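Here is what each chain is made of, one letter per residue.
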Amino acid sequence: MTRTSRPSRTSRPSRTFRAGRANRPGRVTRPGRANRPRRARRTGGPARAGQYLALLAYLVFLAFPFLWLISTSFKPATELGSLHPTWIPKDPTLANYRQAFDEQPLLQAAGNSLVAALSAAVVAVVVATPMAYVMARHRTLLARAATGWVVVSQAFPFVLVIIPLFLVLKNLHLINSLPGLIMVYVVWALPFALWMLVGYVRAVPAELEEAAAVDGASRLRTLVSVTVPLLAPGIVATALFAFITAWNEFFFALVLLKTPEKQTLPVVLTHFLGAEGTADLGPLAAAAFLATLPSLVLFAIIQKRITGGMLAGAVKG
């Protein structure tokens, strides 16, 4: 009787072979890490729905004053004094708009605001672009200190600087003039524009500028021909925010402009308030709605460039 020999260790299936059997098609594997992303997607549904609900609530919160403003501008005086206000005017009328234009020089004030805001935005962007380029490409201690000062300067209240600012403009004979107001708007918008453009410049690859330098381009030529075209979305977004800030500004215009012919639109809107604090709601709502239209139209025209500029500025260099 022959004795059967046991299989040697070398004849056993290797670990690689056993691992291959485990990976055969149709083989049921234990739930492990492969199923975790699917679980995460299942649990992400309620969270995503909550985010959309929060966004919808925020949009309603923002849209409520604007929709109520539009509704009020079309309501007659009888509905404005009603104890039971309604969303939609029962008897819509344009009398509030006619009264607003008859009582106050809205077109002239809008022209003053347009000149001041547009000039301030253009000058602020032209001055801030080369400054932002230097601060982004030369990250020295001085550049960091300047960036910190830019951020801190945004926290200064208007009341803190209005008296020395008034004295400086008085010595320059720029009180009660649009050039003086434009100068103030440029100085006030410059830190914010500089802070925004620094992020946009850092998002531009430095290799492109090095390639231009190898081809013999100077620093100024590189900035104008290479960097600025790539900064177009960021420049448009920065100019828009500077324009909106100057368009809606009220305090500086109220203090520096005294002649009614030179006052801006936010200052003229206060003329619809009576001496005892009573407001003529119909004409005031109509004038306020007209004052918001340029901002809305401007946003609608260059919305794509604003989105691209924000995404470019969000990239950390």
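Residues numbered from 1 in each chain as written. Predicted model: local features only at pLDDT ≥ 70, side-chain atom pairs only at ≥ 80, totals over all residues. Heavy atoms only, no water.

(A) Just the overall build of the protein chain, in detail. Secondary structure assignment for the protein chain yields 15 helices and 0 strands. Taken over 317 residues, the protein chain has a buried fraction of 30%. For the protein chain, the proportion of contacts with a sequence separation of at least 24, taken over those separated by at least 6, is 71%. In the structure as shown, the protein chain presents an accessible area of about 21000 Å², 67% of it carried by carbon and sulfur atoms. (Helix = DSSP H or I, 4+ residues; strand = E, 2+ residues; numbered from the N terminus. Buried < 20%, exposed > 50% of the residue type's maximum accessible area, 1.4 Å probe, protein only. Contact = heavy atoms within 4.5 Å. Areas by Shrake-Rupley, 256 points an atom, 1.4 Å probe, with all protein chains shown as cover.)

(B) Examining helix α4 (residues 95-103) more closely. For α4, the full list of buried residues reads Asn96, Tyr97 and Ala100. The buried residues of α4 all sit within an arc of 100° when viewed along its axis, so they share a single face. Turned more than 90 degrees off the buried face of α4, the exposed positions are Arg98 and Asp102. (Arc of directions from axis to C-beta.)

(C) Quick look at a nonpolar patch on the surface. On the surface, Leu114, Leu118, Val122, Val123, Val126, Val127 and Met131 cluster together to form a nonpolar patch covering roughly 560 Å² of accessible area. Take Val122: it is sitting in helix α5 (residues 106-137). (Patch = residues over 30% accessible without salt bridge, like charges linked within 9 Å, V, L, I, M, F, W, Y side chains within 5 Å. Salt bridge = Lys/Arg side-chain N within 4 Å of Asp/Glu carboxyl O.)

(D) Structural detail: helix α8 (residues 178-203). Its 26 residues place the ends of α8 36 Å apart at the C-alpha level, agreeing with the 38 Å of an ideal helix rising 1.5 Å per residue. Of all the bends in α8, the largest measures some 35° and sits at Leu190, one to four residues before the proline Pro191. (Expected span 1.5 Å × (residues − 1). Bend = angle between axes of the 7 residues up to and from the residue.)

(E) Examining the nonpolar core more closely. Ranked by internal contacts, the top residues of the largest apolar core, which has 36 residues, are Leu106, Leu181, Tyr185 and Phe252. Breaking this core down by element, the ones donating at least two residues are α5, α7 (158-171), α8, α11 (232-248), α12 (251-256), α13 (265-269) and α14 (281-301). Excluding residues within four positions of it along the chain, Phe252 makes contact with Phe158, Val161, Ile162, Leu165, Leu181, Val184, Tyr185, Trp188 and Leu257. (Core = buried A, V, L, I, M, F, W, Y, C linked by side-chain atoms within 4.5 Å.)

(F) Geometry of the packing of aromatic side chains. Under the definition given, this model contains 10 aromatic pairs. Between the aromatic rings of Phe192 and Phe241, the centroid separation amounts to 6.3 Å while the plane-to-plane angle is 70°, which identifies the pairing as edge-to-face. With a gap of 49 residues between them, Phe192 in helix α8 and Phe241 in helix α11 connect regions that are remote in the sequence. Classification of Phe241 by relative accessible area gives partly exposed; the value is 24%. Their ring planes at 55° and their centres at 6.2 Å tell us that Phe251 and Phe252 sit as a pair that is tilted. Overall, Phe251 belongs to the partly exposed group, its relative accessible area being 26%. (Phe/Tyr/Trp six-rings, centres within 6.5 Å; stacked < 30°, edge-to-face > 60°.)

(G) View of the packing of α7 against α8. Interhelical geometry of α7 versus α8 gives an angle of 135° and a closest axis separation of 12 Å. Judged on the interaxial angle alone, α8 and α7 are oblique. In this structure, α7 crosses over α8, and the sense of that crossing is right-handed. Between α7 and α8, the residues in contact are Phe158, Val161, Leu165 and Leu169 and Gly180, Met183, Val184 and Trp188, respectively. Residues belonging to the contact of α7 with α8 are distributed by class as follows: 7 nonpolar, 1 polar and no charged. (Axes fitted to C-alpha atoms, helices over the stretch in contact; angles between N-to-C directions. Parallel < 35°, antiparallel > 145°, perpendicular 65-115°, else oblique. Left-handed = near helix turned anticlockwise from the far one by under 90°. Nonpolar A, V, L, I, M, F, W, Y, C, P; charged D, E, K, R; others polar.)

(H) Quick peek at the side chain of Ser73. Relative to the assigned elements, Ser73 resides in helix α2 (residues 36-73). Residue Ser73 is classed as buried on the basis of its relative accessible area of 0%. There is a polar contact of 2.6 Å between the side chain of Ser73 and the backbone oxygen of Ile70. With residues up to four places along the chain from it excluded, the contact list for Ser73 reads Thr93, Asn96, Tyr97, Gly282, Ala285 and Ala286. (Polar contact = N/O pair within 3.5 Å; in protein donor to acceptor, adjacent residues only side chain to side chain.)

(I) Structural context of unusual backbone geometry. In the Ramachandran plot, His173 falls in the positive-phi region, its phi being about 60° despite a non-glycine side chain. Despite not being glycine, Asn176 has its phi angle at roughly 60°, a positive value. Considering the arrangement of structural elements, one finds Asn176 in the loop between α7 and α8.

(J) Structural detail: the packing of α4 against α14. The geometry of α4 relative to α14 is characterised by a closest axis approach of 8 Å and an angle of 80° between their N-to-C directions. For the element pair α4 / α14, the angle class is roughly perpendicular. Two secondary-structure elements touch here, α4 through Asn96, Tyr97, Gln99, Ala100 and Phe101 and α14 through Gly282, Pro283, Ala286, Ala287, Phe289 and Leu290.

(K) Focus on the environment of Ala246. Its place among the elements puts Ala246 in helix α11. On a C-alpha basis, the gap between Ala246 and Ile182 in space is 8.7 Å, while along the polypeptide they are 64 residues apart. Beyond its immediate chain neighbours, meaning those up to four positions away, Ala246 contacts Ala117, Ala120 and Tyr185.

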